[in-house]
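# Coordinates in review
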Amino acid sequence: MSGVPPILIQRLRKEYRSRRGVTVAVDGLDLEVESGGVFGFLGPNGAGKTTTMRCLLGLARPTSGKMALFGADVATDLPKVIHRVGAVVESPKFFPAMSGRLNLELLGGTTGASASDVDRVLETVELADRADDDFKAYSLGMKQRLAVAATLLKDPELLILDEPANGLDPAGIRSMRSLIRELGDSGKTVFVSSHLLAEIQLMCDSVAIIDGGRLIASGSVAELVEGTSKTLAITVRDTLGATQVLTQAGFSVAEGDDPGSLTVTGDGVDPAALNELLATAGHYVSELRSNELSLEDRFLELTEDLS
Amino acid sequence: MIRLIRLEMRRFWARRLFKNLLLVILVVMAVTGAVQWRTHSPEAPTLESVQAEKEARVAECRGYSISRWEQRVDPSETDAEFAEYLATFDSAEDYADESCQQALFDGFIEENRFCYGRLWRETFSFDAYSQLCPDLAPADFGGEQRAEVDSAPAETVIQGVAYRPPNGPESGALIAVSSALMTLAIVFGASFVGAEYRAGTIENLLLWEPRRGRVMGAKLVAVGANAALVHAGLLGAMMLFLLPAARYSGSFAGVDAAFWAGVGNAVLRGSIGAGLIAASAGAAGLMLRNTAGVVGTFMGYGLFGSLLIRLLLPALLPFEIANNSTSFVAGSDVARELQGVAILQHGPWGAALVTGVYSAVLIAGAWLVFARRDVD
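A short tour of the structure in this document, coming up. (Residues numbered from 1 in each chain as written. Chains lettered and ligands numbered in written order. Predicted model: local features only at pLDDT ≥ 70, side-chain atom pairs only at ≥ 80, totals over all residues. Heavy atoms only, no water.)

### Some thoughts on the interface of chain A and chain B
- Of the residues lining the interface, 33 residues belong to chain A; the matching set on chain B comes to 28 residues.
- Buried surface at the junction of chain A and chain B, summed over both partners, amounts to about 2700 Å²; 62% is from carbon and sulfur atoms.
- Broken down residue by residue, the surface that chain A buries against chain B is led by Leu59, Lys93 and Phe95 of chain A, which jointly contribute 24%.
- Here chain A is connected to chain B by 5 salt bridges.
- Across the pair Arg16 of chain B and Asp134 of chain A runs a salt bridge whose closest N-O atoms are separated by 2.9 Å.
- Between chain A and chain B we count 14 residue pairs in polar contact (both at pLDDT 80 or more) in total.
- Going through the elements one at a time, β1 (7-18), α2 (74-81) and α3 (100-108) of chain A are the ones with two or more residues in the side of chain A that touches chain B. (Contact = heavy atoms within 4.5 Å. Buried area = accessible area lost by both parts, 1.4 Å probe. Salt bridge = Lys/Arg side-chain N within 4 Å of Asp/Glu carboxyl O. Polar contact = N/O pair within 3.5 Å; in protein donor to acceptor, adjacent residues only side chain to side chain. Helix = DSSP H or I, 4+ residues; strand = E, 2+ residues; numbered from the N terminus.)

Spelled out as structure tokens, the structure:
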């Protein structure tokens, strides 16, 4: 693989015009996705994730800006690189009255994929035994897997997946996560959007967060989570007294969800030091739990700041 | 492109809607053929008696007319008026021909079923058991009538203007079925593209082949070619299903080279028409992105739009799409009346050209929309 980034977006802007006026879905977005690994694309509903993907894949025409896939300008040279890109945008879309296998054969036929290629990808997504059933008879999870199978049919270097875990049960989510992780580890680049932030945190190497059509943060998951204030959850008998002690010591204290519990926030809060402080003051801690900061916390922090 | 067309062809034949529709039509044709065979009347003895009755009636009429010619007497008119009228004929035979036209055609059995149709005449038209299934009308039944039918399609002169009537040797059931099947072509074209939008698979396809011109071209070629093929097949099937009726309840008299040439022409025109209409409906589907919308628009125009033009803007009729496409399929000329005079505008292939121009405009419009519009 060359050093050319699989995805490069520069000042992308997409407006939708209607009688009610102009809606800006993407507003000057810049993004570069490096080769290999799993890249998470996050944002609240209406942030412009799907619109960005649509523009990137030639399904929607951007109002302005440039996009390139493997260095090829999407506006003019998409046909030259489309065989290197597999994508599922929004929900899986197939002919409901045709079997999963026929649907894949019709798609794969455009690039000359053989029947054995179809069988191979059906095996990969564990749909071989239901391949001859009508698509409409599939569960949502099976539909998602068929969509992923369709993308794999090209054996693409870049996969663009929009909410691939949507509608999946916990086992399905885990299986999808493993598949995506495997693909990322195998050297392919997987660009995945999801609102299941815990999932993204588990499977992505890097993420970008957008809101209001703009990029608000990007980097590795570790980089994004790092530097965010941590919290400790404690349970004590006398919450009033403990709150007083902790507040005097400079901590920010809030009532927890359960009776007798408090949530303590502060820069560099250390569980052992906090426990010692409370014990010295005669407040013995019956439970102390460090709340690991998640990507979700960081995401909410960033998007709430913006709003 | 060839690969894409092949795939679209495969999808066309894999569609359940298509297969079910085709099956229903074939079953209806088979049942109709069987009913014709089992219930077709009249049987040969009836035909003979009707023929004899008609000949007797014509002979009686002619005898009476000739006698009036000779006596120069008509009870309904004054002698002078009648003499003046008779002076317009060269002979008693000519006068008898004119007087007995009604009798000549009366006595035919109206077969108001599958093989029923309308016979065009120079000055009037009327219903008669005849040409629609020539194999069911033995040559010795209304031989004179058959001669009329066989010669009528060439052309008719209306006040000095040659006009080809909408009935050829193949006319009747074949043309009627061919015209009715145009509806099927609309449904094929509209649903072939509409289904892509309903299922959202157009998006999938563009993720594999982003050159929209190729995608659109392959779809329209596939649906047009298949609609033409299916049309020809169904007309062939119809004739096949009528074979038992012809073999066991009628005869093959009148089925000659001219008949088959007429059939071939009708099938060719119908297939080309079906192909053009299906491709046009497909193009409209790319613009409207909805099967029902396209079918409704086409049908609505055929039922009401065309009628409004006919009523409000008759001068546009020679270039009106429904008028031209139906004339092409029927093999008739496109004419319009101007102050009671039929003015020939163009023949069936001229009508095909007009239909083709409309299709081309629709396809160009679809291309402009499809190439630029976001797919979602």
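### A closer look at unusual backbone geometry
All names here are of chain A.
- Positive phi values are uncommon outside glycine, yet Phe70 reaches one of about 50°.
- Mapping Phe70 onto the fold places it in the loop between β4 (64-69) and β5 (72-73).
- The exposure class assigned to Phe70 is buried, which follows from its relative accessible area of 12%.
- Backbone geometry at Glu126 places phi at a positive 60°, although glycine is not the residue there.
- By the element assignment, Glu126 lies in the loop between α4 (115-124) and α5 (140-152). (Buried < 20%, exposed > 50% of the residue type's maximum accessible area, 1.4 Å probe, protein only.)

### Let's talk about the pattern of salt bridges
Residues and elements named next belong to chain A.
- Going through the model one piece at a time under the given rule, you end up with 26 salt bridges over all chains.
- Note that Glu15 is salt-bridged to Arg17, the shortest N-O span being 3.0 Å.
- Residue Glu15 is classed as buried on the basis of its relative accessible area, which comes to 15%.
- You can call Arg17 exposed: its relative accessible area is 64%.
- Residue Asp185 is joined to Arg181 by a salt bridge in which the shortest nitrogen-to-oxygen separation is 2.7 Å. With a gap of 4 residues between them, Asp185 and Arg181 both fall in helix α6 (residues 170-185), about one helical turn apart.
- Exposure remark for Asp185: the relative accessible area of 55% places this residue in the exposed category.
- Connected through shared salt-bridge partners, Arg13, Glu15, Arg17, Asp27 and Arg214 make up one network.

### Here we look at the sheet that holds strand β6 (residues 85-88) of chain A
Residues and elements named next belong to chain A.
- Read across the open sheet, the 6 strands follow the order β6-β7-β8-β3-β9-β10; overall the sheet is mixed. Looking at strand neighbours, the two that pair on one side only are β6 and β10 (214-220), the edges of this open sheet. Across the sheet, the axes of successive neighbouring strands diverge by a mean angle of 15°, strand direction being ignored.
- Each of β3 (37-42), β7 (158-162), β8 (189-193) and β9 (206-211) is contacted by helix α1 (residues 49-56), which is oriented at about 145° to β7, the strand it contacts most. (Pairing = 2+ DSSP bridges. Axes fitted to C-alpha atoms, helices over the stretch in contact; angles between N-to-C directions.)

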